[in-house]
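# Observations on chain architecture
Chain by chain, the residues run as shown.
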Amino acid sequence: MDFSFTEEQTLLRNMVQSFVQDNYDFDSRMKIVRSEEGMSREIWGQFAELGLLAAPFSEELGGLDGGPIDIMVIMEELGRGLVVEPYLPTVVLCGGILSRHASPAQQEANLPGILGGESIWALAYSEPQSRFNASDVLTSAKADGEGYVLNGTKAVVAAAPWADKFIVSARISGEQRDRNGIGLFIVDKSAAGVSTQDYPTVDGNRASEVTFENVAVSGDALIGSAETGLSILEEALDHGIGAICAESLGHMKSLNDATVEYCKTRKQFGVPIGSFQVLQHRMVDMFMEYEQSVSMTYMVNMKLNEGEEERKKAASGAKVQIGKSGRFVGQEAVQLHGGMGMTEELSVGHYFKRLTVIDTQFGNVDHHLKRFASA
Amino acid sequence: MDVDFTSEDQAFRAEVRKFIEDNYPKHLIGADRGDLSKEDFLAWHKILAEKGWVAPSWPEEFGGTGWSVTQKYIWNEESAAFGTIPPLPFGVAMLGPVIYTFGNQAQKDWVLPGIKSGDTWWCQGYSEPGAGSDLAGLKTRAVRDGDDYIVNGHKIWTTLAQHADWMFCLVRTGTEGKPQAGISFLLIDMKTPGITVRPIITIDGGHEVNEVFLEDVRVPAEHLVGEEDKGWTIAKFLLGNERSGIAGVARSKKAIDRLREIARGELEDGAPLLDSSDFSRKISELEIDLTALEYTELRTLASESKGQGPGPESSILKIKGTEIQQRITELTMEAVGNYASPWVPQLDRGDNYLSIGPDHAEGVSQTYFNTRKTSIYGGSNEIQRNIIAKMVLGL
Ligand SMILES: Cc1cc2nc3c(=O)[nH]c(=O)nc-3n(C[C@H](O)[C@H](O)[C@H](O)COP(=O)(O)OP(=O)(O)OC[C@H]3O[C@@H](n4cnc5c(N)ncnc54)[C@H](O)[C@@H]3O)c2cc1C
């Protein structure tokens, strides 16, 4: 049994941590969030230079030969800084799909852009009616000669306003919720018939409603096949869960540190409020929620490359844990800060809001309880 | 024991319901508090003022309605069921009772009519950066200078001060003895030189609270309510009134109806979310909690109508009421799934703003974020538990 990190992983953590400290303090973060574009291309370029965008990929693909644990380390530190740059959709979700399932030609055409920081990707899979069921797909992909024609709308596609490429789930055959017949397509955002309605989200990120109207793609835009599309997608979403679990650890840790610090210094009734036992116990509960979340996050990231059944159960279990813990820690951090916790000026509320969105992202507690039970 | 309404009560219910339906401003039906202009806030207030129904809880001699406890309850229920924007609490619920209880004749004569008509907008200047839960720790100083007080200090979290004409304010006039001893209750004209109001934006993006800076603000001594240094009794009297209305049972009922409606419209695997046993069970739990609170409130009202004032038990109403409100907003956000994420700008929405997803999803997360305030203000829920522990359980 060994829960220690390798030397490389520790170096990686230190590097990301100091990068975030030096370049992504709360004020800088809010400047980026409030800017026209809502992300910083400069920061993204630095991610590339630091090798973060190459970290999880194999050496054959030009990467640094890391894996889920390296992503976990990176995401945790990005979480501490509430970083909005699209590491999750570009590297973890889309990069992950490409590296595991794309043909060598597709990899050659697309991965260098991701590793080099030249292209940003978004995973367009949820639909207005689909809620958390990735197999509920109405967007259609009709075979047309060698290629396909896509029609449909994808909902709340994270990072889509910044992306130049999408991976889109679309139905090649079968009924609305059939598990078979879903294909994953690489689509250029600039392709004719693709349109987006962009908006900010409550956690300081950006998303879009993406509409495909008779978008023609070639046959080699399809990743895998119609038979494997859904399982490739579900695997990617589980990797996404492993990553946002880690991200949420960064949030919870930051909130717990900030709350303990605040309660030590904030005085009411002539004493630090941290001297009230009821608040001490609350902070102990917050700490325990965090520790349990750390455990589940390690667990899921160690099991992402196991068999499908084990992976699903691990991912759903971890997602339930961080959904509940994140909610508790976020709410209580605000509560213990009193009126200050309600202000836009303090980072506390922003961590709380990101944790709130994470609870829904890739399926909420109820969804994953059910999935856990049936896995 | 009997909780049925009499036929007179039923007739009263029909009357007030009809009045609301006939007179409530159409453009404010379903309006969201975050979007309201000053005029919007006051529109219904002014209609009620005309009718003489703006302050049902006041004694009749000062303009109350003379309704029984049951009738007031019915009025609140009907108002909430329709979803009216209630008169702002600062004048009607908070300051009014202070003035007719502690004020002199001159103060009654000018303050009460302005509250009723809605012509004077009041804000509450209690909290300070260093004095939140420990209100008696307040430091804003008022020093007597001839016929005036000169006030210096810093108030914070002052709700809707950006619209206020006047502020009722706790100030320190004495520094001897216990901190509660040297506090006075002062009425301050917000147009007086030396007052600066600075907005605080909350995590939902709204501008609801402010900081108020007072720098050498000259306040005529006639605006002192009660005696100098005796303001703490008044301050606490007011907080007692603030808490009693806070259960919000009728409004929570309405919010649960809306939640159910939303869950009926949301789909999970093609079926209404409301049909999912996981989700409907959570709504049921909430509804049962609310029923318990409703009966607890009715029991409190019943003893009130026998002349017993609201005791420390009203802290139960505050804690449970706000926990239920928070849970409703949480489940409403959960119901809309992915469409809880889009951010709805509250300030500077602009003309080309397009809403994302179904209408019923708009702003639900922001309402959830905003509602976190309810366990913080009005005496935090921790402070309420302290009150019950001490005053009820004798710990
Ligand atoms: C949206 C909003 C609107 C408001 N409107 C107004 C207004 O119009 N006018 C006005 O005067 N004020 C207003 N307030 C202020 C409100 O009354 C205070 O926020 C509240 O009293 C708490 O004070 P604080 O924020 O300083 O928190 P603190 O008192 O610093 O409390 C911080 C935390 O410590 C806990 N705590 C404190 N003391 C104890 C204790 N003895 N035992 C256990 N726990 C304790 C609290 O419960 C809280 O969780 C408003 C606040 C908000 C958020």
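Residues numbered from 1 in each chain as written. Chains lettered and ligands numbered in written order. Predicted model: local features only at pLDDT ≥ 70, side-chain atom pairs only at ≥ 80, totals over all residues. Heavy atoms only, no water.

This part takes up the overall build of chain B. Looking only at helices and strands, chain B has 11 helices and 10 strands in total. For chain B, the C-alpha radius of gyration of 22 Å lies close to 21 Å, the compact-globule estimate for 395 residues. Counting only C-alpha atoms, chain B reaches 75 × 55 × 50 Å along its principal axes. Across the 395 residues in chain B, those meeting the buried criterion constitute 50%. (Helix = DSSP H or I, 4+ residues; strand = E, 2+ residues; numbered from the N terminus. Rg over C-alpha atoms; globule rule 2.2 N^0.38 Å. Buried < 20%, exposed > 50% of the residue type's maximum accessible area, 1.4 Å probe, protein only.)

We now examine helix α3 (residues 41-50) of chain A. Residues and elements named next belong to chain A. For α3, every residue scored as buried is listed here: Ile-43, Trp-44, Phe-47 and Ala-48. Taken down its axis, α3 places every buried residue within 150° of arc, on the same side. Exposed and oriented more than 90 degrees from the buried face of α3 are Glu-42 and Glu-49. Taken together, the buried residues of α3 touch α1 (7-23), α2 (26-34), α4 (68-80), α5 (87-101) and α6 (104-115). Taking the backbone nitrogen of Glu-42 as reference, a side-chain oxygen 3.3 Å away marks Ser-40 as the first, capping residue of α3. Taken from the residues just after α3, Gly-51 is the one with a positive phi, measuring 85°. (Arc of directions from axis to C-beta. Contact = heavy atoms within 4.5 Å. Polar contact = N/O pair within 3.5 Å; in protein donor to acceptor, adjacent residues only side chain to side chain.)

Here the focus is the interface of chain A and chain B. Facing the 44 residues of chain A at the interface are 49 residues of chain B. Taken over both partners, the interface formed by chain A and chain B buries close to 3900 Å², and the fraction arising from carbon and sulfur atoms is 55%. Scanning the region where chain A abuts chain B turns up 7 salt bridges. Notably, a salt bridge pairs Glu382(B) with Arg282(A), separated by 2.9 Å at the nearest N-O pair. Linking chain A with chain B are 25 residue pairs in polar contact (both at pLDDT 80 or more). If you list the elements that add at least two residues to the side of chain A that touches chain B, you get β3 (147-158), β6 (194-200), β9 (267-268), α8 (277-303), α9 (308-336), α10 (347-360) and α11 (365-374) of chain A. Looking at which element gives the most residues to the side of chain A that touches chain B, the answer is α10(A), with 6 residues. (Buried area = accessible area lost by both parts, 1.4 Å probe. Salt bridge = Lys/Arg side-chain N within 4 Å of Asp/Glu carboxyl O.)

Take the pattern of salt bridges next. All names here are of chain B. Scanning the entire structure with this criterion turns up 49 salt bridges over all chains. The partner of Arg-264 in a salt bridge is Glu-261, with the nearest N and O atoms 3.0 Å apart. Highlighted residues: Arg-264 and Glu-261, both in helix α7 (residues 249-265), separated by 3 residues, approximately one helical turn. Accessibility expressed as a relative area gives 42% for Arg-264, which makes it partly exposed. Of the residues examined, Glu-261 reaches a relative accessible area of 47% and is grouped as partly exposed.

With that out of the way, let us pick up the site of the ligand. Looking at the ligand, there are 27 residues lining it, with Arg266(A), Ser133(B), Thr159(B), Ser380(B) and Glu382(B) nearest. The site occupied by the ligand is bordered by residues of chains A and B. Here an oxygen atom of the ligand sits 3.0 Å away from a polar atom, N or O, in the main chain of Tyr126(B). Note that an oxygen atom of the ligand is positioned 2.6 Å from one of the side-chain N or O atoms of Ser380(B). Isolated, the ligand exposes 970 Å² of accessible area, and the fraction of that covered by the protein chains is 94%. Looking at the shell around the ligand, the elements with two or more residues in it are α8 and α9 of chain A together with α11 (381-392) of chain B. In terms of residue count, the dominant contributor to the shell around the ligand is α11(B) (3 residues). (Near = heavy atom within 4 Å. Areas by Shrake-Rupley, 256 points an atom, 1.4 Å probe, with all protein chains shown as cover.)

This brings us to empty space enclosed by the protein. Taking a probe equal in size to a water molecule and rolling it over the atoms shows the remaining empty space. All names here are of chain B. Across all of its chains, the model carries 5 cavities of 30 Å³ or more by this definition. Taken as a whole, the largest cavity encloses approximately 90 Å³ of empty space. Taken together, Leu-42, His-45, Leu-88, Phe-90, Gly-91, Val-92, Ile-115, Gly-118, Thr-120, Trp-121 and Trp-122 make up the lining of the largest cavity. Of all the secondary-structure elements, those providing two or more residues to the lining of the largest cavity are α2 (38-51) and α4 (89-102). (1 Å grid on protein atoms, 1.4 Å probe; cavity = no way out; pocket = protein on both sides within 12 Å on 5 of 7 lines; lining within 4 Å. Points joined across faces, edges and corners; volume = space filled by probe spheres on them.)

Bringing the domain arrangement of chain A into the picture now. Residue and element names in this part refer to chain A. Taken domain by domain, chain A holds domain 1 (7-120), domain 2 (122-227) and domain 3 (230-374). Its C-alpha centre places domain 1 at a distance of 22 Å from the equivalent point of domain 3. Of the residues lining the interface, 20 residues belong to domain 1; the matching set on domain 3 comes to 31 residues. Between domain 1 and domain 3 lies a buried interface of about 2100 Å² when both sides are counted; carbon and sulfur atoms form 69% of it. Between Asp-257 and Arg-80 there is a salt bridge, and its shortest N-O distance comes to 3.1 Å. One can count 5 residue pairs in polar contact (both at pLDDT 80 or more) joining domain 1 with domain 3. Looking at the side of domain 1 that touches domain 3, the elements that each hand over two or more residues are α2, α4 and α5. Ranked by residues supplied to the side of domain 1 that touches domain 3, first place goes to α4 with 8 residues. Its residues placed into classes, the side of domain 1 that touches domain 3 shows 12 nonpolar, 3 polar and 5 charged. (Domains from an automatic or database assignment. Nonpolar A, V, L, I, M, F, W, Y, C, P; charged D, E, K, R; others polar.)

Turning our eyes to something else, we now look at helix α5 (residues 105-117) of chain B. Residues and elements named next belong to chain B. With 13 residues, α5 should cover 18 Å at 1.5 Å per step; its first-to-last C-alpha distance of 19 Å lies within 8% of that length. In this structure, the buried residues of α5 make contact with α2, α4, β1 (122-125), β5 (183-189) and β8 (224-225). Capping the start of α5 is the job of one residue whose side-chain oxygen sits 3.3 Å from the backbone nitrogen of Ala-106: Asn-104. The positive-phi residue at the C-terminal boundary of α5 is Gly-118, with phi of around 85°. (Expected span 1.5 Å × (residues − 1).)

What follows concerns the domain arrangement of chain B. Residues and elements named next belong to chain B. Considered domain by domain, chain B is made up of domain 1 (7-87), domain 2 (122-229) and domain 3 (245-340 + 355-392). Centre-to-centre, using C-alpha coordinates, domain 1 lies 22 Å away from domain 3. Across the boundary between the two partners, domain 1 contributes 11 residues, which contact 9 residues of domain 3. Carbon and sulfur atoms make up 59% of the area that domain 1 and domain 3 hide from each other, which totals about 810 Å². Connecting domain 1 to domain 3 are 1 salt bridge. Close ionic contact of Lys-253 with Glu-77 constitutes a salt bridge, the shortest N to O distance being 3.3 Å. Here domain 1 is connected to domain 3 by 4 residue pairs in polar contact (both at pLDDT 80 or more).

This next bit is on a nonpolar patch on the surface. A surface patch of nonpolar side chains, about 460 Å² in accessible area, is lined by Met391(B), Val392(B), Leu393(B) and Leu395(B). By secondary structure assignment, the location of Val392(B) is in helix α11. (Patch = residues over 30% accessible without salt bridge, like charges linked within 9 Å, V, L, I, M, F, W, Y side chains within 5 Å.)

This part takes up the pairing of strand β3 (residues 148-156) of chain B. Residues and elements named next belong to chain B. Pairing of strand β2 (residues 141-145) with β3 involves 5 bridges; the strand directions are antiparallel. Paired with Arg-144 across the strands is Tyr-149, a residue of β3. As defined by bridge partners, β3 adjoins strand β7 (residues 207-220) across 8 bridges and the pair is classed as antiparallel. Looking at the pairing, His-154 lines up with Phe-213 of β7. (Pairing = 2+ DSSP bridges.)

Residues and elements named next belong to chain B. Helix α8 (residues 277-305) packs onto α7 with a crossing angle of 165° between their chain directions and a minimal axis gap of 10 Å. Accordingly, the angle class assigned to the pair α7 and α8 is roughly antiparallel. By crossing handedness, the relation of α7 to α8 is classed as left-handed. Contacts between α7 and α8 involve Val-249, Ser-252, Lys-253, Ile-256, Leu-259, Arg-260 and Ala-263 from the first element and Phe-279, Ile-283, Leu-286, Glu-287, Leu-290, Leu-293, Glu-294 and Glu-297 from the second. Considered class by class, the residues forming the contact of α7 with α8 number 9 nonpolar, 1 polar and 5 charged. (Axes fitted to C-alpha atoms, helices over the stretch in contact; angles between N-to-C directions. Parallel < 35°, antiparallel > 145°, perpendicular 65-115°, else oblique. Left-handed = near helix turned anticlockwise from the far one by under 90°.)

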